[in-house]
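Remarks on the overall topology
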Amino acid sequence: MAADSTSDNEDMKKQVATVIAIAQAQLVRLISQSTDEYQAELLESGDAQPAAWMLMKDGKTVKRINMDEQAVGAPPSVKLMMYRAAIKSVAQRKKIVAAAILYSGQLSETDTTTVLVIEHEHMVGVSGHKVVGYELSGGEIMWGEPVGHKKPFEWFYESKKSDS
């Protein structure tokens, strides 16, 4: 019986590793495509508004979320809230497997370094955000080193808050 338990445990570890590897590859696809599209907007305007993308259930199709009509004149902070709410609604109805929101700004009030922030989440529980400094120079973007941070997992499942 112990041998079967060990074998089952190893099989489970392999399955989990496979799921995580697939999720990672899907996030790379999503972030790569969304960053390419967002980069074009940064080059065009120098100050792109927040934007969001979804990876559909097939794990391959990336679609941009279009909220242009609903968000006309809204400040970037409101647009971010709208994108987060839209993603949460679609994600909890199991229509997507991953999502990302991209926005630019300055690092802090005291550090005016221009940064790209990428919030991302995958339905298997992988979430985080990356902050990448950049400069626009001669029609090109010069990227700094990305810094990753943990982000609460909140788009795909309703949190279970206790009333106690």
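Residues numbered from 1 in each chain as written. Predicted model: local features only at pLDDT ≥ 70, side-chain atom pairs only at ≥ 80, totals over all residues. Heavy atoms only, no water.

**Focus on the confidence of the model for the chain**
On average, the chain scores 88 in pLDDT, and the residues at 70 or more come to 93%. Taken element by element, the chain is modelled with least confidence in helix α1 (residues 2-45), mean pLDDT 87, and with most confidence in strand β1 (residues 51-56), mean pLDDT 97. (pLDDT = per-residue confidence, 0-100. Helix = DSSP H or I, 4+ residues; strand = E, 2+ residues; numbered from the N terminus.)

**With respect to the environment of E121**
Looking at where E121 falls in the secondary structure, it is placed in strand β4 (residues 114-122). In contact with E121, not counting residues within four places along its chain, are L27, V97, A98, A99, V126, S127, K151, P152, F153, E154, W155 and F156. Separated by 2.6 Å, the side chains of E121 and K151 make a polar contact. Of note is the side chain of E121, whose polar atom sits 2.6 Å from the backbone nitrogen of W155. (Contact = heavy atoms within 4.5 Å. Polar contact = N/O pair within 3.5 Å; in protein donor to acceptor, adjacent residues only side chain to side chain.)

**Some points on the packing of aromatic side chains**
The final tally for this structure, using the stated rule, is 4 aromatic pairs. Considering the side-chain rings of Y134 and W143, the 5.4 Å spacing of their centres and the 55° angle between planes classify their relative orientation as tilted. Residue classification places W143 among the partly exposed positions, given a relative accessible area of 34%. In textbook terms, an aromatic cluster arises when at least three aromatic residues are bridged by ring pairs, as seen for F153, F156 and Y157. (Phe/Tyr/Trp six-rings, centres within 6.5 Å; stacked < 30°, edge-to-face > 60°. Buried < 20%, exposed > 50% of the residue type's maximum accessible area, 1.4 Å probe, protein only.)

**Comments concerning a nonpolar patch on the surface**
A grouping of M12, V16, V19, I20 and V124 is seen on the molecular surface, where their side chains present a nonpolar patch of about 400 Å² in accessible area. Within the secondary structure layout, V19 lies in helix α1. Since its relative accessible area comes to 41%, V19 is described here as partly exposed. (Patch = residues over 30% accessible without salt bridge, like charges linked within 9 Å, V, L, I, M, F, W, Y side chains within 5 Å. Areas by Shrake-Rupley, 256 points an atom, 1.4 Å probe, with all protein chains shown as cover. Salt bridge = Lys/Arg side-chain N within 4 Å of Asp/Glu carboxyl O.)

**Some details on the pattern of salt bridges**
The tally for this structure, following the rule as stated, stands at 4 salt bridges. Across the pair R84 and E119 runs a salt bridge whose closest N-O atoms are separated by 2.4 Å. In this pair, R84 is assigned in helix α2 (residues 76-92) and E119 in strand β4, connecting sequence segments 35 residues apart. Given a relative accessible area of 27%, R84 falls into the partly exposed group. We note a salt bridge from E121 to K151, for which the minimum N-O separation is 2.6 Å. Of the two residues, E121 sits in strand β4 while K151 sits in the segment after β7 (147-149), which places them 30 residues apart along the sequence. By relative accessible area, which is 0% here, E121 ends up buried. Residues participating in the shared-partner salt-bridge network are E121, K151 and E154.

**As for unusual backbone geometry**
Although it is not a glycine, K94 adopts a positive phi angle of roughly 60°. Note on placement: K94 falls in the loop between α2 and β3 (96-106).

**So, the pairing of strand β5 (residues 127-137)**
For β4 and β5, the ladder comprises 7 bridges, and the chain directions are antiparallel. Paired with V115 across the strands is G133, a residue of β5. Between β4 and the antiparallel strand that follows it, β5, lie 4 residues; G125 among them carries a positive phi value of about 110°. The sheet contact formed by β5 and β7 spans 3 bridges and is antiparallel. The residue of β7 that forms the bridge with H129 is H149. Note that β5 and strand β6 (residues 140-143) share 4 bridges and pair antiparallel. Along β6, the bridge assignment pairs Y134 with W143. Between β5 and β6, which pair antiparallel in sequence order, lie 2 residues; one of them, G138, sits at a positive phi of approximately 60°. (Pairing = 2+ DSSP bridges.)

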